[in-house]
Amino acid sequence: MNSKLNVDNIFYYQTVDSTNLTALKHFEEGAPSFSVIVAEEQKQGRGRLGRSWFSPRHNGLWFSLLLRPDNLSPENASPITLVTAAVLAAYFNEKINLPVKIKWPNDLLLGEKKVGGILTEMKAEQDRIIYLIIGIGINVNQQNEDFPNELRCKATSLAGESGIRFRCENLLPALLDELIKAYKLFLNQGFAPFKQRWEIYNVTLGRDISIIVTGVASEESIKGTALGITSGGALRLRDHRGVEQIIHSGEIK
Ligand code: BT5
């Protein structure tokens, strides 16, 4: 697999709790930058803010990439989720003709439903990132009845929307190739080379949205028009008073 993949370190598992947690263990054991952790199944797949990610055997791609940047400051790291979304959306649209769209910040949609999600976790000192773990989940071959009841109205898969069954073992090397190239460019040049691609495939900009922003002790809902994205990957929102706000993370309802 390595020769096809152009990845030096790939750790492949049948079952893990979460590939992000497994990536963290590999970080602690000294695994090098650009290591990839793949699992056929996650028993405790994770979403953001303690949410769970349904990751059954056979039907999806569940994997994480570990990066140990030499010289990346914490404030320059956050667009990596948007870079990931832009690269994945571009791949699905341009290489396999599937109209995957991006909902800021970390959702991949097919039609109105979620087909994939990204969970970026990091450890930083004041001035530099120690590791970035980018976890990617893509529903590949599930049919609607394969999802638990609570997800059926909001989740879909590549096959569910297109009627085509995909081979995960072909999809994964292609995606890793694109992602690793993109992360190398991102570490050199930041978000700028990816911003336009993100804008092409997003469904957030130009819309009136309501966004839940979670603070240390509370949640706030902000309504407004999504105006654009900053060079750091934050969302520019014009609120009901006409004031522009910069939102660094949140959940669009
Ligand atoms: C995400 O969180 O979308 C990030 C998902 C990242 C998953 C990958 S898999 C490999 C790596 N290892 C991990 O442990 N995680 C990463 P969030 O935006 O918080 O969305 C979570 C919500 O999506 C849940 O609360 C459900 O409503 C919904 N959901 C859960 N499983 C889903 C699935 N398979 N497909 C679509 N929606 C799902």
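Structure: above.
As a convention, each chain's residues are numbered from 1 in the sequence order in which they are written. In view of the model being predicted, local features appear only for residues whose pLDDT reaches at least 70, and side-chain atom pairs are presented and counted only at 80 or more, with totals across whole chains, interfaces and linings using the full set of residues. Here the side-chain values reflect all heavy atoms present in the structure, with hydrogen atoms and water set aside.

A. Highlighting the overall build of the chain. The helix count covers DSSP runs of H or I at least four residues long, the strand count covers runs of E at least two residues long, and both are numbered beginning at the N terminus. The number of helices and strands found in the chain is 8 helices and 12 strands. Here the globule rule is a power law, 2.2 Å times the number of residues to the power 0.38, and the radius of gyration is based on C-alpha atoms. Taking 253 residues into account, the globule formula puts the C-alpha radius of gyration at 18 Å, and the chain, at 18 Å, falls close to it. Judged by the C-alpha coordinates and their principal axes, the chain covers about 55 × 45 × 35 Å. Accessibility here uses a 1.4 Å probe with only protein chains present; expressed as a share of the type maximum, an area under 20% marks a residue as buried, one over 50% as exposed, and anything in between as partly exposed. Burial statistics for the chain: of 253 residues in total, 51% are counted as buried. Whether two residues are in contact is decided by their heavy atoms: any pair within 4.5 Å suffices. Expressed as a percentage of contacts within the chain between residues at least 6 apart in sequence, the contacts between residues at least 24 apart total 62%. All accessible areas in this document rest on Shrake-Rupley with a 1.4 Å probe, and a residue is counted as covered only by the protein chains that are shown. Only carbon and sulfur atoms are counted for the fraction: they give 46% of the accessible area of the chain, which is about 12400 Å². Asp and Glu are treated as the negative residues and Lys and Arg as the positive ones, with His and the ends of the chain left uncounted. Where a charge lies is defined by one atom per residue type, namely NZ (Lys), CZ (Arg), CG (Asp) and CD (Glu). Taking the 29 positively charged and 28 negatively charged side chains of the chain as two groups, their mean positions are separated by 3 Å.

B. Representation of the site of the ligand in the model. Whether a residue is near a molecule or strand depends on its heavy atoms: it is near if one of them lies within 4 Å of it. Near the ligand there are 27 residues, and of these Ser-18, Arg-46, Arg-48, Arg-51 and Lys-114 occur at the shortest range. One of the side-chain N or O atoms of Asn-106 is found 3.1 Å from an oxygen atom in the ligand. Here a polar contact is recorded for every N or O atom pair within 3.5 Å, except that within protein the pair must consist of a potential hydrogen donor and a potential acceptor, and residues adjacent in sequence are included only if both atoms are side-chain atoms. Contact between the ligand and Lys-114: an oxygen atom at 2.7 Å from a side-chain N or O atom of the residue. Here the ligand has 790 Å² of accessible area as a free molecule, and 93% of this is covered by the chains. Two kinds of site are reported from a 1 Å grid over the protein atoms alone, namely cavities, where a 1.4 Å probe fits but cannot get out, and pockets, open sets with protein on both sides within 12 Å along at least five of seven lines, and residues are called lining when an atom falls within 4 Å of a point. The rule for placing a molecule in a cavity or pocket is simple: more than half of its atoms must lie within 2 Å of the grid points. One can see that the ligand is located within the largest pocket.

C. The arrangement of the side chain of Ser-73 in detail. On the secondary structure map, Ser-73 appears in the loop between β3 (60-67) and α3 (74-77). Of the residues examined, Ser-73 reaches a relative accessible area of 15% and is grouped as buried. Ignoring anything within four residues of it in the chain, the contact list for Ser-73 reads Asp-127, Arg-128 and Ile-129.

D. Summary view of the nonpolar core. Among buried residues, those of type Ala, Val, Leu, Ile, Met, Phe, Trp, Tyr and Cys that are joined through side-chain atoms within 4.5 Å constitute a nonpolar core. Leu-65, Phe-92, Leu-158 and Tyr-183 are the most contacted members of the largest nonpolar core, which has 62 residues in total. Excluding residues that lie within four positions of it along the chain, Phe-92 makes contacts with Asn-97, Leu-98, Val-100, Ile-138, Leu-158, Leu-171 and Leu-175.

E. Just the sheet that holds strand β11 (residues 244-247), in detail. For two strands to be treated as a pair, DSSP must find no fewer than two bridges joining them. Strand order in the open sheet made by the 5 strands is β11-β10-β9-β8-β12, with antiparallel pairing throughout. The outermost strands of the open sheet, each flanked by one partner alone, are β11 and β12 (251-252). Note: strand β9 (residues 219-229) against strand β10 (residues 235-239), 5 bridges, orientation antiparallel. Pairing of Thr-225 across the sheet is with Arg-238, part of β10.

F. Focus on the sheet that holds strand β4 (residues 100-103). Reading across the sheet, the 7 strands line up as β1-β2-β3-β7-β6-β5-β4 and stay open at both edges, with mixed pairing between neighbours. Each end of this open sheet is capped by a strand with a single partner; those strands are β1 (10-16) and β4. Across the sheet, the axes of successive neighbouring strands diverge by a mean angle of 20°, strand direction being ignored. Pairing of β3 with strand β7 (residues 129-139) involves 8 bridges; the strand directions are antiparallel. Each residue of the ladder has a partner; that of Gly-60, found in β7, is Asn-139. Axis definition: a line fit to C-alpha positions, over the contact stretch in the case of helices; interaxial angles, taken between N-to-C directions, run 0 to 180 degrees.

G. How the structure looks around the packing of aromatic side chains. Stacked, edge-to-face and tilted labels apply to pairs of Phe, Tyr and Trp rings (six-membered ring for Trp) whose centres lie within 6.5 Å, assigned for plane angles under 30 degrees, over 60, and everything in between, in that order. This model, assessed by the stated rule, comprises 3 aromatic pairs. Look at Phe-54 and Phe-147: their rings are 6.1 Å apart centre to centre, the planes differ by 55°, and that puts the pair in the tilted class. Taken together, the positions of Phe-54 in the loop between β2 (35-42) and β3 and Phe-147 in the loop between β7 and α5 (149-152) put the pair 93 residues apart, joining distant regions of the chain. For Phe-147, a relative accessible area of 3% puts it in the buried group.

H. Inspection of the pairing of strand β5 (residues 107-110) at higher detail. Where burial is concerned, the two faces of β5 agree: the one with Asp-107 and Leu-109 and the one with Leu-108 and Leu-110 are both buried. Note: β4 against β5, 4 bridges, orientation antiparallel. If you follow Lys-103 over to β5, its bridge partner there is Asp-107. What sits between β4 and β5 in their antiparallel hairpin is a turn of 3 residues. In this sheet, strand β6 (residues 113-124) lies alongside β5 in antiparallel orientation, the contact comprising 4 bridges. Counted as the bridge partner of Leu-110 is Lys-113 from β6. Counting the residues between successive antiparallel strands, the hairpin from β5 to β6 contains 2 residues, one of them, Gly-111, with a positive phi of roughly 60°.

I. Quick peek at the pattern of salt bridges. A carboxyl oxygen of Asp or Glu within 4 Å of a side-chain nitrogen of Lys or Arg is what we treat as a salt bridge. Taken as a whole and judged by the stated rule, the model has 15 salt bridges. In this structure, Asp-107 engages Lys-114 in a salt bridge whose closest nitrogen and oxygen atoms are separated by 2.6 Å. On the basis of relative accessibility, which here comes to 9%, the residue Asp-107 falls in the buried class. In this structure, Glu-125 engages Arg-128 in a salt bridge whose closest nitrogen and oxygen atoms are separated by 3.1 Å. Where salt bridges share partners, they join Glu-40, Glu-41, Lys-43 and Arg-57 into one cluster.

Fair warning: the whole summary comes from geometry, so function is off the table for now.
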